[in-house]
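# Observations on the three-dimensional arrangement
So the chains spell out like this:
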Amino acid sequence: MIRSFKTIEAKIAGRLLIWVAVLVVVAGFVFYVAAMSKVTELYVENVHNRMLINYEYIRRVLSDVYVQVTNNVDYIEQTLDQPEGQKDIMKRIVSNGNRVHSCGMNFIRDYYPQKGERYCPFAWRNPQNPEEILTEEKGDDDFDYLEDDWFTSVIESDSDKWSEPFYDGYDNETALAAYMVPIHDATGRPVAVLGADVALSWLTDKLDEADSTYNEKSPLTSKLLGLKRQSYIINYDGRFITHPVANRRLEGLFYKYLMGNDDNLLPTLIGQMKSGDTSIDEGQVRYLFNGEESYLFYAPLKYTDWMLVTVVPCKMIDIKAMMVGLNIMGLVALLLLVMVALTYFTIRRKRRVYKRSRGLLA
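The present account deals with the structure reproduced in this document. The structure presented is a predicted model; accordingly, all values stated were derived computationally and were not measured. (Residues numbered from 1 in each chain as written. Predicted model: local features only at pLDDT ≥ 70, side-chain atom pairs only at ≥ 80, totals over all residues. Heavy atoms only, no water.)

Tallying secondary structure elements over the protein gives eight helices and 12 strands in all. Put simply, the protein has 362 residues, and 44% of those count as buried. By sequence separation, contacts in the protein at least 24 residues apart represent 59% of the contacts at least 6 residues apart. For the protein, the exposed surface amounts to about 19900 Å²; the carbon and sulfur share of it is 55%. (Helix = DSSP H or I, 4+ residues; strand = E, 2+ residues; numbered from the N terminus. Buried < 20%, exposed > 50% of the residue type's maximum accessible area, 1.4 Å probe, protein only. Contact = heavy atoms within 4.5 Å. Areas by Shrake-Rupley, 256 points an atom, 1.4 Å probe, with all protein chains shown as cover.)

Let's shift gears to the pattern of salt bridges. Evaluation of the coordinates by the stated rule reveals 12 salt bridges. The partner of Glu84 in a salt bridge is Lys115, and the shortest N-O contact between them spans 2.9 Å. Of the two residues, Glu84 is situated in the loop between helix 2 (73-78) and helix 3 (86-96) and Lys115 in the loop between strand 1 (100-107) and strand 2 (120-126); the sequence distance between them amounts to 31 residues. Under the relative-accessibility criterion, Glu84 is labelled exposed at 55%. Between Arg109 and Glu117 there is a salt bridge, and its shortest N-O distance comes to 2.4 Å. Exposure remark for Glu117: the relative accessible area of 28% places this residue in the partly exposed category. Look at the salt bridges and you will find they share partners, linking Arg109, Glu117, Arg118, Asp144 and Glu147 into a network. (Salt bridge = Lys/Arg side-chain N within 4 Å of Asp/Glu carboxyl O.)

As a further point, take the side chain of Asp168. Assignment of secondary structure puts Asp168 in the loop between strand 5 (166-167) and strand 6 (175-184). Although Asp168 is buried, it forms no salt bridge, and the closest oppositely charged side chain is Lys138 at an N-O distance of 6.8 Å. Among the polar contacts listed, one links the side chain of Asp168 to the side chain of His101, at a separation of 3.3 Å. The residues contacting Asp168, other than those within four sequence positions of it, are His101, Glu173, Thr174 and Leu176. (Lys, Arg positive; Asp, Glu negative; His and termini not counted. Polar contact = N/O pair within 3.5 Å; in protein donor to acceptor, adjacent residues only side chain to side chain.)

Moving on: the pairing of strand 2. In terms of burial, strand 2 is a largely internal element, seven of the seven residues being buried. Alignment of strand 1 against strand 2, held across three bridges, turns out to be antiparallel. Its bridge partner being in strand 2, Cys103 is matched across the sheet by Ala123. As defined by bridge partners, strand 2 adjoins strand 3 (residues 129-138) across seven bridges and the pair is classed as antiparallel. When the sheet's bridge partners are listed, Arg125 is paired in strand 3 with Ile133. (Pairing = 2+ DSSP bridges.)

Let us now look at the packing of aromatic side chains. Throughout the structure, instances matching the rule amount to 22 aromatic pairs. Between Tyr145 and Trp150, the ring centres sit 6.3 Å apart and the planes meet at 35 degrees, which makes this aromatic pair tilted. A relative accessible area of 1% places Tyr145 in the buried class. The exposure class assigned to Trp150 is partly exposed, which follows from its relative accessible area of 28%. Taken together through their ring pairs, the aromatic side chains of Tyr232, Phe240, Phe254, Tyr255, Tyr257 and Phe289 make up a single cluster. The ring of Phe122 has Lys138 lying over it, and the distance from NZ or CZ to the ring centre is 4.1 Å. (Phe/Tyr/Trp six-rings, centres within 6.5 Å; stacked < 30°, edge-to-face > 60°. Lys NZ or Arg CZ within 6 Å of the ring centre and 35° of its normal.)

The subject of this paragraph is a negative patch on the surface. On the surface, Asp110, Asp140, Asp141 and Asp142 cluster together into a patch of negative charge. Mapped onto the fold, Asp140 is located in the loop between strand 3 and helix 4 (149-157). (Patch = residues over 30% accessible without salt bridge, like charges linked within 9 Å, V, L, I, M, F, W, Y side chains within 5 Å. Charge placed at Lys NZ, Arg CZ, Asp CG, Glu CD.)

Turning our attention to a nonpolar patch on the surface. On the surface, a cluster of nonpolar side chains totalling about 490 Å² of accessible area is made up of Leu331, Leu334, Leu335, Val338 and Leu342. Tracing the chain through its elements places Leu342 in helix 8 (residues 314-358).

Turning our attention to the environment of Asn72. Mapped onto the elements of the fold, Asn72 is located in the loop between helix 1 (8-70) and helix 2. Measuring from C-alpha to C-alpha, the distance between Asn72 and Leu194 comes to 9.7 Å, with 122 residues separating the pair along the chain. At 2.7 Å, the side chain of Asn72 and the backbone oxygen of Gln68 are in polar contact.

One non-glycine residue, Asp158, adopts positive backbone phi at about 50 degrees. Looking at where Asp158 falls in the secondary structure, it is placed in the loop between helix 4 and strand 4 (161-162). Located in the positive-phi region is Leu250, a residue other than glycine, with phi close to 65 degrees. Mapped onto the elements of the fold, Leu250 is located in the loop between strand 8 (230-235) and strand 9 (258-260).

In structure tokens:
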């Protein structure tokens with residue numbers, strides 16, 4: 001056995017192993033760093049694209065509500081002299097819009113004197129049976145909306161808008177947001193606000209579904225380490241529109257949980273988000289969110305004062321990139337070891353052939 005290590009092939013193989021070890025360390029480290037950088041970039045791009053998929057879905061649903069409401073405006077304006085049929089129009093908007101929770105039309109003071117100072121035909125889904133649409137005429141005894149900001153802002157600006165989120169007046173628990181458009185009389189004067197209310201629970205459910213699918217594909221980081229991607233919708237001031245924890249919806253502030261590794265970066269980030277910018281260089285800057293070092297991805301939702309934000313712990317992407325880097329490093333080491341083995345056995349075979357040709361082998 002000792003003699004076998006003194007053979008030429010063994011000496012060459014031993015020297016090659018030393019060089020292989022050096023190459024594995026040097027080349028492997030270079031490949032590892034390059035792979036980490038490139039794979040991190042690819043995973044960041046993947047998260048960004050997934051955020052845009054959620055963005056397009058939410059935008060499309062909100063656009064459907066917009067279409068469902070505006071398609072009825074002309075008919076309503078042409079039939080303002082027929083107030084008795086307005087409840088049926090509200091009912092039709094709710095029944096045709098599968099995301100519409102309720103719909104009402106609030107008129108200016110004394111527009112229909114026979115109806116009282118305040119008048120609002122209204123329709124909503126029965127909480128016990130969502131397929132059933134209930135209707136009523138709200139009047140002076142129900143609620144005073146004439147001085148509310150949401151009403152006066154639409155009338156005075158004569159423009160449509162999405163409302164700030166609010167709680168359903170019936171149960172004080174269901175979070176809603178309304179798409180509101182002004183209704184005009186024959187002279188072009190705005191005389192009412194037509195609003196379709198959308199339950200925000202579907203937004204939370206949709207984002208949770210998308211995040212769960214992503215997290216399930218990362219069992220090492222999500223199940224063993226408890227790291228999870230989480231998406232939110234917030235308004236520009238940071239208030240949560242959606243949140244997996246119910247009591248933080250419409251109450252908690254996103255910016256409260258956000259810190260920067262560099263104090264100069266955080267004010268810039270918040271300023272960009274409040275301005276309705278879309279995130280850039282997402283894999284270059286790390287922030288602390290809920291104490292966890294994270295990457296932030298965000299994009300404003302058109303025609304609203306809302307923003308879609310996805311928070312991904314950096315370790316989720318770092319570990320994925322590290323695993324790819326280690327696999328590449330291991331492959332390099334394996335190929336070099338195969339090369340050493342082939343060199344060893346090739347030299348050994350050549351030497352045996354040479355000795356046999358010289359008659360040196362028995």
